[in-house]
Amino acid sequence: MALKVLKFGGSSLADAGQFRRVANIVKAESDRRYVVPSAPGKRFSGDDKVTDLLYRCYDASSNGEPIDEIFTQIEERYNQIIRDLGLSISLAKEFEKIRASILHLPGRDYVASRGEYLSGIVLAAYLGYDFIDAAKVIFFFDNGLFDAEKTNRVLSETLSKHERAVVPGFYGSMPNGTIKTFSRGGSDVTGSIVARAAKADIYENWTDVSGFLMADPRCVENPQVIDVITYKELRELSYMGATVLHEDAIFPVRFAKIPINIKNTNDPAAPGTMIVDTPPADDLPRPITGIAGKMGFSIITVEKDMMSTELGFGRRMLEALEMHGISFEHLPSGIDTISVVVASSELEGKREPLLADIRRMVSPDVLHIEDNIALLAVVGRGMVKTKGTAARIFRAISEASINIRIIDQGSSELNVILGVEEKDYLSALKAIYREFVG
Ligand code: ASP
């Protein structure tokens, strides 16, 4: 029998109505055996996520301020869900314990994790599934890094004893037993870890959009949903700012070659996006899978006659950046010029000393920094097979009267990176989207 692991995000569990949808989805297929919930999210715009309320409680308590008002709001969120679902469980004892702990400042992560913990208890009761506390099956090393191997061993063994279970997302425990969370949005990571440990056939990640979109809907009107995307393409797009899934959620399932299906809790019939290691044999992708981009980059340009014959020039240039702890994004170069693209935030407070060191280490003829650059990543596994994709990208940009400042194409032909002035960012993105999608 196939086995599915499902993760539901905060908006999918925001109130009792959403819990009902979740239960309908889980019960619709008997192979949906392990479920990873987030803490209840926003019910309407302007509402609070339970996790944010918990962080606020912790901060108030650290400042010696009362937590009653915020804590009561949290209690009420869960109590209302329990009442509306007609459940007979009570979280009173749990609330008492958490409230007492917050006052003794048990650690920020412990407090934040209680949102998922309580959500898990309620969902398990509603589904009639076992509850497995993530603290007992997800482990971190002393240095705070995730302990993948111990987790996989203990979690696999535990899951094998539970036919159906709910494992709350977002947290695990340190070797001394204290609670540690992943970074924000980390229930995605838990879902991926559970899918690997359960040797799932698929990891369904249920959220509030019908998949991964080809472009940011704030920039392009009604962008199309991507049907199939590879892990590699997803990594490129996520790195450039496209978000649906936590970045670290890819690694556990990618390792085990388990596909991720991004699905919409509010439109379960929509196929969503499949994220796969290797696309199906009959895969006929369009040249472009997606476009993403970010503002806030700077280009450091160095020119020097006969640079190309000067051994070690590039290394010394990069060493200057390294000395200042600056990491770079791209390195487009010409015969006698090298440009280094860095996030402008990396240069804060370091500009003058960095320039001085570059001057000292490579004695350039010309050295300058240009700010307000936006980068666009045009990503697609179909580019390898299709001639003329770059030509279409550049034609679209030139027809929109936009000047391209840099171009970078990796030899894998998976992406083309373009740098434009920030003021041209939106028009460039729209022009490329129009060219390939219409
Ligand atoms: N509740 C946590 C957050 O808001 C984790 C998650 O939802 O994935 O970041």
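Relevant structure appears above.
Calculation criteria
- Residues numbered from 1 in each chain as written.
- Predicted model: local features only at pLDDT ≥ 70, side-chain atom pairs only at ≥ 80, totals over all residues.
- Heavy atoms only, no water.
- Helix = DSSP H or I, 4+ residues; strand = E, 2+ residues; numbered from the N terminus.
- Expected span 1.5 Å × (residues − 1).
- Buried < 20%, exposed > 50% of the residue type's maximum accessible area, 1.4 Å probe, protein only.
- Arc of directions from axis to C-beta.
- Contact = heavy atoms within 4.5 Å.
- Pairing = 2+ DSSP bridges.
- Right-handed = clockwise from strand over helix to strand, strands pointing away.
- Axes fitted to C-alpha atoms, helices over the stretch in contact; angles between N-to-C directions.
- Salt bridge = Lys/Arg side-chain N within 4 Å of Asp/Glu carboxyl O.
- Near = heavy atom within 4 Å.
- Polar contact = N/O pair within 3.5 Å; in protein donor to acceptor, adjacent residues only side chain to side chain.
- Areas by Shrake-Rupley, 256 points an atom, 1.4 Å probe, with all protein chains shown as cover.
- Nonpolar A, V, L, I, M, F, W, Y, C, P; charged D, E, K, R; others polar.
- Parallel < 35°, antiparallel > 145°, perpendicular 65-115°, else oblique.
- Left-handed = near helix turned anticlockwise from the far one by under 90°.
- Core = buried A, V, L, I, M, F, W, Y, C linked by side-chain atoms within 4.5 Å.

Enquirer: What am I meant to see in helix 3 (residues 68-85) here?
Expert: Since the α-helix packs 3.6 residues into each turn, any two residues three or four apart lie on the same face. Its 18 residues give helix 3 an end-to-end C-alpha distance of 26 Å, which sits within 8% of 26 Å, the value for a rise of 1.5 Å per residue. Restricting attention to buried positions, one finds in helix 3 the residues I70, F71, I74, E75, R77, Y78, I81, I82 and L85. Angularly, the buried residues of helix 3 cover 145° about the axis, an arc narrow enough to put them on a single face. Exposed positions of helix 3 whose direction lies more than 90 degrees from the buried face are E69 and R83. Its buried side turned inward, helix 3 meets helix 1 (16-28), helix 2 (50-62), helix 4 (92-103) and helix 5 (108-127). With its phi angle positive at about 70°, G86 sits one or two positions after the end of helix 3.

Enquirer: Help me understand the pairing of strand 2 (residues 32-37), please; the structure alone is not making it clear to me.
Expert: When a strand is regular, its side chains alternate between the sheet's two faces. Counting buried positions over the six residues of strand 2 gives six, a clear majority of the element. As paired elements, strand 1 (residues 4-8) and strand 2 share five bridges and run parallel to each other. In the sheet register, V5 faces strand 2, and the bridge partner there is Y34. Tracing the backbone out of strand 1, into helix 1 and back to the parallel element strand 2 gives a crossover that is right-handed. Pairing between strand 2 and strand 4 (residues 165-166): two bridges, direction parallel. Residue Y34 lies in a different strand from strand 4, and its bridge partner there is A165.

Enquirer: Could you clarify how one ought to interpret the sheet that holds strand 7 (residues 202-207) in this entry?
Expert: Strand pairs in the sheet, formed through backbone hydrogen bonds, run parallel or antiparallel to each other. Strands sit in the order 3-4-2-1-7-9-10-8 across an open sheet of eight strands; the sheet is mixed. Only two strands of the sheet have a single neighbouring strand rather than two, namely strand 3 (130-131) and strand 8 (228-230). With five bridges joining them, strand 7 and strand 9 (residues 260-264) adopt parallel strand pairing. Within strand 9, the position partnered with Y203 by the bridge is I260. On top of the sheet, helix 5 reaches strand 2, strand 3 and strand 4; it is set at about 150° to strand 2, its chief contact.

Enquirer: How should I be thinking about unusual backbone geometry in this particular structure?
Expert: The general pattern is negative phi for most residues beyond glycine and trans for most peptide bonds. The backbone of K199 shows a phi angle near 50°, a positive value even though the residue is not glycine. Here K199 lies in the loop between helix 7 (187-197) and strand 7. Given a relative accessible area of 67%, K199 falls into the exposed group. Backbone geometry at M306 places phi at a positive 65°, although glycine is not the residue there. Along the polypeptide, M306 turns up in the loop between strand 11 (290-303) and helix 10 (313-323). With relative accessibility at 53%, the residue M306 sits in the exposed group.

Enquirer: Is there a simple way to explain the pattern of salt bridges in this structure?
Expert: Between side chains of opposite charge, a pair can form as their charged atoms come close. The final tally for this structure, using the stated rule, is 31 salt bridges. Ionic pairing is found between E149 and R196, a salt bridge with its closest N-O pair at 3.4 Å. Placement of the pair is E149 in helix 6 (residues 148-160) and R196 in helix 7, with a sequence separation of 47 residues. The partly exposed category is assigned to E149, whose relative accessible area is 47%. The shortest N-O distance in the salt bridge between K423 and D424 comes to 3.4 Å. With a relative accessible area of 12%, D424 lands in the buried category. Each of K4, E29, R32 and E204 takes part in one network of salt bridges that share partners.

Enquirer: Please explain the environment of L6 as it appears in this structure.
Expert: Mapped onto the fold, L6 is located in strand 1. For the pair L6 and V22, spaced 16 residues apart in sequence, the C-alpha to C-alpha distance is 9.8 Å. Setting aside residues up to four positions removed in sequence, L6 forms contacts with I25, V26, R32, Y34, V35, V36, E204 and W206.

Enquirer: Just to check I follow, could you spell out the site of the ligand for this structure?
Expert: For the ligand, the full set of nearby residues is S38, T51, E116, F170, R184, G185, G186 and S187. At 3.1 Å, a side-chain N or O of S38 approaches an oxygen atom of the ligand. T51 is positioned such that a nitrogen or oxygen atom in its side chain is 2.7 Å from a nitrogen atom of the ligand. Against a free-state accessible area of 260 Å², the protein chains account for coverage of 91% of the ligand. Residue composition of the shell around the ligand, grouped by class: one nonpolar, five polar and two charged.

Enquirer: Explanation requested: the environment of L87 in the structure shown.
Expert: Within the fold, L87 resides in the loop between helix 3 and helix 4. For the pair L87 and K49, spaced 38 residues apart in sequence, the C-alpha to C-alpha distance is 22 Å. Contacts of L87, omitting those with residues within four sequence positions, involve I82, V122, A125 and Y126.

Enquirer: Just checking my understanding: could you explain the packing of helix 3 against helix 4 for this structure?
Expert: Between two packed helices, both the angle of their axes relative to each other and the distance between the axes serve to describe the pair. At a minimum axis distance of 12 Å, the contact between helix 3 and helix 4 shows a crossing angle of 155°. Viewed along their axes, helix 3 and helix 4 adopt a mutual orientation that is roughly antiparallel. Judged by the sense of rotation from one axis to the other, the crossing of helix 3 with helix 4 is right-handed. Side by side, helix 3 and helix 4 meet where D68, F71, T72, E75, Y78 and N79 of the first sit next to F95, I98, R99 and I102 of the second. Residue composition of the contact of helix 3 with helix 4, by class: five nonpolar, two polar and three charged.

Enquirer: I'm lost on the nonpolar core in this one. Help?
Expert: In summary, soluble globular proteins display a tendency toward joint burial of nonpolar side chains. Ranked by internal contacts, the top residues of the largest apolar core, which has 117 residues, are V5, F8, Y78, V122 and L159. Counting residues per element, this core draws most heavily on helix 5, at nine residues. For L159, the residues in contact, after removing those within four places along its chain, are Y34, I132, V167, V194, A197 and A198. Listed in part, the 18 residues of the second largest apolar core include I326, V340, V342 and L347.

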